[in-house]
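Coordinates in review
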Amino acid sequence: MEHTGLFFGGGVGVLFFLIWLISIGLGIYFFVLLVKLARRGIVALDLYIYAKNREIRTRYESVPDRSEEI
């Protein structure tokens, strides 16, 4: 008695292989999305640090020097 089909014989192996292949593809896709998100986060952090440094410089470097008054 020979069984052929999806759940008997080699059919289960093919099904598991397709699930495994889809999992690998989704894993690579999500990894690429994670890398893109991390790069955007780094750029946003760089812009934030630049803006804060600029704000600090303009606030404290614009204070008149007291040595000029003497």
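Residues numbered from 1 in each chain as written. Predicted model: local features only at pLDDT ≥ 70, side-chain atom pairs only at ≥ 80, totals over all residues. Heavy atoms only, no water.

A short note on the packing of aromatic side chains
The geometry of an aromatic ring pair is captured by two quantities: the separation of the ring centres and the angle between the planes. Put simply, the rule is: When the centres of two rings from Phe, Tyr and Trp lie within 6.5 Å, Trp using its six-membered ring, the rings pair. Their planes under 30 degrees apart give stacked, over 60 give edge-to-face, and anything left gives tilted. Type-normalised accessible area, obtained with a 1.4 Å probe on protein chains alone, sets the label of each residue: buried when under 20%, exposed when over 50%, and partly exposed for intermediate values.
Overall, the coordinates contain two aromatic pairs when judged by the stated rule. With centroids separated by 5.8 Å and ring planes inclined at 55°, the aromatic side chains of Y29 and F30 adopt a geometry described as tilted. Residue classification places F30 among the exposed residues on the basis of a relative accessible area of 52%.

What to know about the pattern of salt bridges
For clarity, the threshold we go by: One speaks of a salt bridge when a side-chain nitrogen belonging to Lys or Arg is within 4 Å of a carboxyl oxygen belonging to Asp or Glu. Put simply, DSSP H or I for four residues or longer makes a helix, DSSP E for two residues or longer makes a strand, and each gets a number counted from the N terminus.
Per the counting criterion, the structure on display carries two salt bridges. Between E55 and R59 there is a salt bridge, and its shortest N-O distance comes to 3.3 Å. In this pair, E55 and R59 both sit in helix α1 (residues 11-61), four residues apart, roughly one turn of the helix. For E55, a relative accessible area of 35% puts it in the partly exposed group. Of the residues examined, R59 reaches a relative accessible area of 48% and is grouped as partly exposed. Among the charged side chains, a network of salt bridges with common partners joins K52, E55 and R59.

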